[in-house]
Amino acid sequence: MARILIVDDDTDLLDGQRLFLESLGYEVATAKSLEEGIERVEAAAPDLILADLMMEHYDSGFVFCKKVRDRPETAKVPIIMQTAAPREVGFTFSTSEESDKKWIQVNEVITKPIPLPDLEGKIKRYLGST
Amino acid sequence: MTTDPGLASLRVLVVDDEEGMREGMRRVLAKRGFSVDLAEGGDAAVRLFESNLYDIALVDLKMPGKSGFEVTEHINSHGSGRTVVVIVSALATVEAAVDVTRHGAFDFLVKPFTPDDLVEVVDRAVAQRRLLIERETYLSELDSERSQSRRIINWMQQGLVVLNIEKRPCLVNPKAEFFLGVRYRHGMSLEELIGCGEELHPLHEAVQWAAGPEASPESTRVLILKVRELVIEARVGPSYREGSLSGIMILLRDVTEEILAEQDKKRFVSMVAHELKSPLAAVINYLNVIQTGALDDDFPKIKEILTRCKIRAEDLLDLVRDLLYLNQHDAGKTQKSIEPLDLRDVIKSQVEFLRVQAERAGVAVSVEAEAPDSDPRAFTVCADRGDLERVFMNLLSNGLKYNLPNGRLHISLSRVAGEVVARVADSGIGMRSEDMENLFQQFYRIRNSKTSAISGTGLGLATVKRVLGDYNGRIAVESIPGEGSVFTVYFPVEAPETAESSTR
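Notes on the structure in this doc start here. As the structure is a prediction and not an experimental result, all values here were calculated from the model.

Turning next to the sheet that holds strand β10 (residues 244–254) of chain B. Residue and element names in this part refer to chain B. Taken in spatial order, the five strands make up an open sheet running β7-β6-β10-β9-β8, and their pairing is antiparallel. Every interior strand has two partners, whereas the edge strands, β7 (169–172) and β8 (221–227), have only one. Ignoring which end each strand starts from, the neighbouring axes of this sheet average 25 degrees apart. Pairing analysis gives 10 bridges linking strand β9 (residues 230–241) to β10, with the strands arranged antiparallel. Paired with I232 across the strands is D254, a residue of β10.

Now the structure itself:
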């Protein structure tokens, strides 16, 4: 079964998504910070990463993704970025903009909270239905 | 011949070397109403002109020493052009008349003459003098109006640039010079004034547009320009006179503060939205998990999740409450009822209030507040009780939340000069200097693996700082990561005037 790493500083959101993904049969690792996230990436070798944008800093998520991409072993791992930052006030980024895509280096940005069936669908698109 | 009282204010100088002539003319003119001075020659006339102002001078042409022409030229070149000169001469030719005018005299009187001849020529001179006075008054009024407009333009806080029809600057006020970073000099080109930098390119375009056929008298273009560290709004429009283009006007205004305030507001709104959405996202996510049925066999887990949902919902309520309080506080709408309060009592009641929470956290709380024997009121301050409770409730509950198991929280009071100093020291997780710098900003929370389980609104310390500010108080923080933090509140004993009013 595929392994998923969730990085989020909101322990409740982390817990809820872990429970849900485990119920779907995925093996789930979690990390509560950028630092922990990097440790887990090395230890858990995930097939997909769900990462929060705003952790210690408003852009911690991007820093984390950059570090994941810079490791040859994980350079190709799909990353879905989650954020509660509101797009309405121009605060966040979108992967549909070519200019943003270049430096954001994630496969997708989704806004929290995402309905779990939608999350399941997105994950399956990257990992295939196993 | 009659006396005209209106002529008394007019001063006439008679310059003639013949005493009989001088006296005769004085008598006629005095009778007419003029005030008359006499000079027996050119040099005497020049001396009189040094200290007197004359409206009319009757000057004999042929005199020993300075001639009548020389006196006329002296009067015209040294005076302000206010004296009307009449040459008195025995030569009655056209050439002589032309000569007289060429030398700057207004008229001439031919000897011998009757008193009526004299009065007639002087009356003409009076009419001329009155015209001159009118003109002077008009010019000085015009001048003062112009200088007033100029003063207004120079005083304006907006930059004003006026270009003539060739797009050459013809008026640049000091504020515009400041915005453009250029000193205006007459004849400079538009490029010299505005510069050719990329950031000012839109302004050149707007000038071209204003000078072109597309622009109508009512049209204005508004541009936002970045100039050095400033953001400048430029309004560019054509200026019309009698239906045809006469130039271009550019009005520059500093909008840096407005733009920054707008950005602050945007940032604040997005922070609020993020802080509101995060707990909602967590709660909805949890409820979604329960709905999927994934936990149907694990009732204890469902119970645990519902507890967490309740806590997050309560946190959200706290956040809304804090936000509303800060909003009211900043709008000056919080009610304050100022009274003398002993800080020891306030702190002890807050410690009591938090006792259960402290026991649950395993933190030992101690208060050290011995007032010096000499002054039992050493810790008494004038403040609103709710404000003081808010300050210490926030500090003490932080001291518990960010503490470690078996930790300590020690509060000590002391009196230094005009301030009561309250020290709140914990033996908790501490923080880095980077965190300390931002600690009192709204929504700043230290986010790391040690703090992720601690709930808070991110508004507590921002509130503390602002409330203390109402009393001219302040707060400082020292911390060592892993060892603990010390928050020190300095509260002035003399209540400032602003805090004395019952509403703020």
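Now that the structure has been shown, we can carry on.
All names here are of chain B. By secondary structure assignment, the location of R22 is in helix α1 (residues 19–32). The class for R22 is buried, based on a relative accessible area of 13%. Between the C-alpha atom of R22 and that of L38, which follows or precedes it by 16 residues, the distance is 6.7 Å. Discounting chain neighbours no more than four positions away, the residues touching R22 are V14, D16, D17, L38, A39 and E40.

Residue and element names in this part refer to chain B. With respect to the secondary-structure elements, L180 resides in helix α6 (residues 174–180). You can call L180 buried: its relative accessible area is 12%. Separated by 21 residues in the primary sequence, L180 and G159 have C-alpha atoms spaced 9.0 Å apart. In this view, L180 contacts V161, L193, R228 and L252; residues no more than four positions away in its chain are not counted.

Turning our attention to the sheet that holds strand β1 (residues 3–7) of chain A. Residue and element names in this part refer to chain A. Strand order in this open sheet of five strands is β2-β1-β3-β4-β5, and the pairing throughout is parallel. The open sheet has two edge strands, β2 (27–31) and β5 (108–111), and neither has a second partner. On average, adjacent strands in this sheet sit at an angle of 20 degrees to one another, irrespective of strand direction. Examined bridge by bridge, β1 and strand β3 (residues 48–52) share four bridges and lie parallel to one another. Considered in β3, the bridge of L5 is made with I49.

Each value, and the rule that gives it
- Residues numbered from 1 in each chain as written.
- Chains lettered and ligands numbered in written order.
- Predicted model: local features only at pLDDT ≥ 70, side-chain atom pairs only at ≥ 80, totals over all residues.
- Heavy atoms only, no water.
- Pairing = 2+ DSSP bridges.
- Helix = DSSP H or I, 4+ residues; strand = E, 2+ residues; numbered from the N terminus.
- Axes fitted to C-alpha atoms, helices over the stretch in contact; angles between N-to-C directions.
- Buried < 20%, exposed > 50% of the residue type's maximum accessible area, 1.4 Å probe, protein only.
- Contact = heavy atoms within 4.5 Å.

Keep in mind these numbers describe shape, not what the thing actually does.
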